Every structure is written in C-alpha cells, then in structure tokens.
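# Close look at the chain arrangement
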Amino acid sequence: MKQIGPLFKREFFGYFRAPVAYVFLVAFLVISVSLAFSRYGGFFRAGVAGLESYFVFFPWLFMFLVPAVGMRLWSEEKRSGTVELLFTLPVTTLEAVLGKFLAGWAFLTLAILLSFPMAATIAYLGSPDWGVVFTTYLGAILMGGAYLGVCSLTSAMTKNQVISFVLSLGACALILFTGFSSFTALLEANFPLFVADAVANFSFITHFDAFTKGIIDPKDVVFFLSLMGFTLFLNVVVLER
Amino acid sequence: MIEVKGLVKTYGAKRAVDGVSFSVKRGDILGFLGPNGAGKSTTMKMITGFLRPTAGSATVDGIDVTADPVAVKRKLGYLPESAPAYPEMTVEEFLGFIAEVRGFTSKEAKAAQVDRAIGLTHLSPVRRQTIETLSKGFKQRVGVAQAILHDPPALILDEPTDGLDPNQKNEIRALIKSMAVEKTIVLSTHILEEVEAICTRVIIISQGKVVVDETPAAFRARQPGARLDEIFRSLTRGDI
C-alpha cells in the first residue's frame, strides 16, 4: 500500500503541471459564487448568515465539473500508452486506482475549500452557525468523492476523453435526477410511496440535503462512502479485465 | 532467468501468440525478430505481466508472472514500444517518480538512482526539460533510462533503437552490450544487422510461432552468401 504515495503525488501535481487545474478552479469558483448571488440563489435576499444558498447548487455543479476532473484519470493513460508503463511498475491495480482517485479527490477538496471567502463573507455580515458550515463542507467533500468514484470508473472504460466525459455526465445525471423533486413527485403519483422513496434514496441530493442543515446522519455518510467503495471496486475489475 | 513455456494469447478467433517457448539465461542478449504483427510485443507484454496469457506460463527468476506479478515487475526493467512517458513532466521529475514507485523513497537514494540513469543514457542536457518538448531520440532514451533505473537483473526492451539516428543507435547498443554481463536482456527489433551486432541469440517469430531459435552465426550459416534480410524473408513468408 505504500506505493500509493508516489502515485498520489504524481497525479495531484499533474493537475497543476497543465493549465487544467487553474481553468477548473477559476471556472468552479466563478460559476458557484455567481449562482449564489444570482436571483436563483438569493444569497442576500435570504437574510440569513448561512451558506445554504451557495451549496444548494453543488449537486448540479458537480454533475458537470467532476466529470471534467475525472475524465482524464484513466482515459489519458490509456490513450498515451502510459498505462502500460504504470502497470509494469511494481504496483497492484488497487494501489493505482486508489492513488489516482485520492489525488482527484484531494484536488476537488481543494476546490471546495477555496470557497472560504464565502464563509468569511457570512462571518462579516452576521454570526453564522459554524457547526452547520462545517457539516456542509464535509457533505460537499463526501459528495465530491462519490461523484469522482463514478467518473473514475467511466474513465477506465474508454481511452477517449470525450466519451469518458459524456459517460460520466450521463451516469452522474442519472444518480442525481432520482432525487430531483419533480421526478420524485412523478414517481409518487404513479407508484407506491415506498418505490419512490427507494429510488430517491439513490440520489446525491437526498443525501447531501441533511448536511446542509447541520445534520451528519451516518446513513448519508455510509451512502457516499459505499458508493465510492463500490465504484472503485468496479474500477479495479474493469482495469484487470 | 526468463523461462517462457507454451505462451498463448488469443484475441477472439485470432491467435496473436501461438505456443511460444524459450528460455534466456544471465549474460544472454536475446534478439526478438519478426514481421510487424507477428506477436513480438504481445509476448513481451505477457512476460512483463501487462497482459494475461490465455495459456502457458512465463517465469522470471523462478517466479510465475501470473502468480506474483508485483514480484516479477520488481525484477524487470521494461521499455514499452514507442517509450510512453508522462509528457507534462520534466525528465528529472519523471525519473524521480519511477524511482519512488520502485522503492527509492529517501531523497539521497532517489537522486542517486536518477543521476545514474541520466548519466548512462546521456540525458543531462535535457534533464530539466518537459518530456513533450523532447525529440524522438531523447524520448526513447528517457524510456531506456526509466527501464534501467533500478538496475534490474532482467531487461525487456521493445524496439529500443526505434527512431534513433545512427549515432544514437550505436550508443544505445553499446549501453545494452555493456550491461549484458550481469543481466538478462530480451530486445525486439526490425533491424537485422542489430541482431548480428549485439545479440548472442536470435528468435524469429512468425504468425505467433517461433520459427528460429539459434545463434546469429548459425542463422547466417543457413544460406551462406545470402543477405540477412533474404534469409529472414524466406523464413517469414507466411506473414505476407
């Protein structure tokens, strides 16, 4: 397992060797902040010193932005042939998958934490509940990891980055929309309630919501962690096939 | 050192490698010859543990590659065809990464291995350049440097002199020859003269099967007076 270190380091700093990292960080922060200040976010109109109006867009934003981080994880290696180099080094597939995933997750975490001026803003404007701010950040990081697990898996399926991006986007959208209010309403109208509940249970939104309200529910944490575990397991299977 | 027995790889109905067997011992330089698509690279990829054989086995130093791939990978240095490397890294960073994965984690040990590899492959003028800006010859040498970095007991080189100019070719050949004393080396090539120049044994693969396994001298003696490529052509006609 000690081989994860160098792999993680190479992948994480790899983001910064190309302009990808800077483009991503700027795009992520500009879009997320402007959404919060837009009339859909109503950051000021809410009149609350909280970040709910900022984080409410994260499940949607992640749907587009996490595939942009995850699409290169394996596709790039397959296209350039470096996957052959990687897998003739003394590393196991699991170590390689974990090293790359953790690097991508650390990068996403960095992006999320760089929104700290928003937290500073609410601290300046009022007296926020720091407990809620903390759980919201925790929820966003966990959700980012779950999205990235899905994207890492789809990235391992193809050597074409565009296909990888579209597949990731599709898979993330599918998991996201199962919890979207109008979709669940449609389900509730046509199916017994327990079916609608079961389907909605697979959505990022359903599990992220509680975090933004200051609740760390073990079942939400378990959902995100098990989604990561499951997708990374499939990732190993796909690569060893 | 390297023992290959009845190696088979099938892709659908096509048999890319069809029962290849040979063994190489320490001090040998084995030249792998064959037309494109004959199964040279596929065989090498199976020995290095990158591809899983459909049947047969490959062992390095007595370790079966399917049973303990990581142990085999530790003993091997491998140059894949066309020498892939991470283009956005500098030569130094890239070799440093390889050194770390190969277990040279302390700063001094890492620097020592990287400097040694850079010295042997004459990469010092470009050590701070990113790999994407390098010429083909330098890129190829980065691939060789990466393969010999941990001073492995066995080397597998897939077309090590591909894309090099005559001077660079000579240099790489001299390097390979100088390392052969205490190593086992398997290299593939298209250049018949290369085999005569450095190899102690030659294997010709045609349509996934070994058709020749002998010394270069015996190979030349097959048709006295004929050019090497004429002998090669008569042996691999089935591939055309």
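Scroll up to find the structure.
One structure accompanies this document, and this report is about it. Residue numbers restart at each chain and count upward from 1, following the sequence in its written direction. Each chain is given a letter, starting from A, and each ligand a number, starting from 1, according to the order in which they appear as written. Owing to the predicted nature of the model, reporting of local features is limited to residues with pLDDT of at least 70; listing and counting of side-chain atom pairs is limited to 80 or more, with chain, interface and lining totals taken over all residues. Side-chain figures throughout are based on the complete set of non-hydrogen atoms in the structure, without hydrogens or water.

Glancing now at the overall build of chain B. Scanning chain B from terminus to terminus reveals 9 helices and 10 strands. What you see for chain B is a C-alpha radius of gyration of 18 Å, in line with the 18 Å of a compact globule of 240 residues. In terms of overall dimensions, chain B has C-alpha extents of about 50 × 40 × 35 Å along its principal axes. Every one of the 240 residues in chain B was classed for burial, and the buried ones make up 54%. Summarising the internal contacts of chain B: among those between residues at least 6 apart in sequence, 64% fall at separations of at least 24. Put simply, DSSP H or I for four residues or longer makes a helix, DSSP E for two residues or longer makes a strand, and each gets a number counted from the N terminus. Every radius of gyration here is taken over C-alpha atoms, with the globule rule written as 2.2 Å times N^0.38, N being the number of residues. Relative accessibility decides the category of a residue: with a 1.4 Å probe and only protein chains considered, values under 20% of the type maximum give buried, values over 50% give exposed, and everything between is partly exposed. Here a residue-residue contact requires only that any non-hydrogen atoms of the pair lie within 4.5 Å.

Right, let's talk about the overall build of chain A for a bit. A count of helical and extended segments in chain A gives 14 helices and 0 strands. Reading the helices (α) and strands (β) of chain A from amino to carboxyl end gives α-α-α-α-α-α-α-α-α-α-α-α-α-α. A compact globule built from 241 residues would reach a C-alpha radius of gyration of about 18 Å, and chain A, at 19 Å, matches this within 12%. Projected onto the principal axes, the alpha-carbon positions of chain A cover approximately 55 × 45 × 30 Å. Of all 241 residues assigned to chain A, the portion counted as buried reaches 52%. For accessible areas, the Shrake-Rupley method is used with a probe of radius 1.4 Å. Any residue's cover is judged against the shown protein chains and nothing else. A total accessible area of about 10800 Å² is found for chain A, and carbon and sulfur atoms account for 74% of it.

Throughout this description, the term nonpolar core refers to a set of buried Ala, Val, Leu, Ile, Met, Phe, Trp, Tyr and Cys residues connected via side-chain atoms within 4.5 Å. Leu51, Phe58, Phe204 and Phe224 of chain A together with Phe94 of chain B are the most contacted members of the largest nonpolar core, which totals 91 residues. With 13 residues, the single largest contributor to this core is helix α9 (residues 130-156) of chain A. Filtering out sequence-adjacent residues up to four positions away, Phe204 of chain A remains in contact with Met143, Ala146, Tyr147, Cys172, Ile175, Leu176, Phe223, Phe224 and Leu227 of chain A. Counting 29 residues, the second largest nonpolar core, distinct from the first, contains Val144, Ile176, Ile185 and Ile204 of chain B.

Glancing now at the pattern of salt bridges. Residue and element names in this part refer to chain B. Just to be clear on terms, a salt bridge is a Lys or Arg side-chain nitrogen sitting within 4 Å of an Asp or Glu carboxyl oxygen. In total, this model carries 28 salt bridges over all chains according to the counting rule given. Measuring nitrogen to oxygen at the nearest pair gives 2.7 Å for the salt bridge that ties Glu92 to Arg127. In this pair, Glu92 is assigned in helix α3 (residues 91-101) and Arg127 in the loop between α4 (107-120) and α5 (136-148), connecting sequence segments 35 residues apart. The class of Glu92 is partly exposed, set by a relative accessible area of 23%. When the shortest N-O distance is used, the salt bridge between Asp115 and Arg127 registers 2.9 Å.

Right, let's talk about the packing of aromatic side chains for a bit. Residues and elements named next belong to chain A. For this analysis, a ring pair means two rings from Phe, Tyr or Trp (six-membered ring only for Trp) whose centres lie within 6.5 Å, classed as stacked if their planes differ by under 30 degrees, edge-to-face if by over 60, and tilted for the remaining angles. Inspection of every chain in the model, using the stated rule, returns 29 aromatic pairs over all chains. Between Phe37 and Phe43, the aromatic rings sit 5.1 Å apart at their centres with planes inclined by 85°, giving edge-to-face as the arrangement. Judged by relative accessible area, Phe37 falls into the partly exposed class, the value being 40%. Overall, the relative accessible area of 4% leaves Phe43 in the buried class. Above the ring of Tyr15, the side-chain terminus of Arg72 is found at 4.7 Å from the ring centroid. Remark: a charge is flagged as sitting over a ring if the NZ atom of Lys or the CZ atom of Arg is within 6 Å of the ring centre and within 35 degrees of the ring normal.

For the rest of this paragraph, the subject is the interface of chain A and chain B. Facing the 21 residues of chain A at the interface are 23 residues of chain B. When two parts are brought into contact, each loses some accessible area as probed by a 1.4 Å sphere; the total of that loss over both is the buried area. When chain A packs against chain B, the two sides together hide about 2200 Å² of surface, and 65% of this comes from carbon and sulfur. Put simply, chain A and chain B have 4 salt bridges between them. Of the charged contacts in the structure, one is a salt bridge between Glu88 of chain B and Arg10 of chain A, with a shortest N-O distance of 3.8 Å. Here a polar contact means two N or O atoms within 3.5 Å. Within protein one must be a hydrogen donor candidate and the other an acceptor candidate, and residues neighboring in sequence count only if both atoms are side-chain atoms. At the boundary of chain A and chain B, one finds 6 residue pairs in polar contact (both at pLDDT 80 or more). Residue composition of the side of chain A that touches chain B, grouped by class: 9 nonpolar, 6 polar and 6 charged. Polarity classes work like this: nonpolar for Ala, Val, Leu, Ile, Met, Phe, Trp, Tyr, Cys and Pro, charged for Asp, Glu, Lys and Arg, and polar for all others, with Gly in that last group.

Residue and element names in this part refer to chain A. Disulfides are defined as pairs of cysteine sulfur atoms found within 2.5 Å of each other. One pass over the structure, following the stated rule, counts 0 disulfides over all chains. There is no disulfide at Cys151, and the cysteine sulfur nearest it, in Cys172, is 3.9 Å away. Residue classification places Cys151 among the buried positions, given a relative accessible area of 0%.

All names here are of chain A. Axis separation between helix α5 (residues 72-80) and α9 bottoms out at 7 Å; the angle between their running directions is 20°. Here α5 is positioned roughly parallel relative to α9, judged by the angle of their axes. Crossing angle aside, the handedness with which α5 passes α9 is right-handed. Along the contact surface, α5 presents Arg72, Leu73, Trp74, Ser75 and Lys78, while α9 presents Leu148, Ser152, Ser155 and Ala156. Throughout, an axis means a line fitted to C-alpha atoms (over the contacting stretch in the case of helices), and angles, computed between N-to-C directions, take values from 0 to 180 degrees. Each angle gets one of four labels, with under 35 degrees taken as roughly parallel, over 145 as roughly antiparallel, 65 to 115 as roughly perpendicular, and the rest as oblique. Each crossing is labelled by how the near helix is turned from the far one, with a counterclockwise turn of less than a right angle marking it left-handed and a clockwise turn marking it right-handed.

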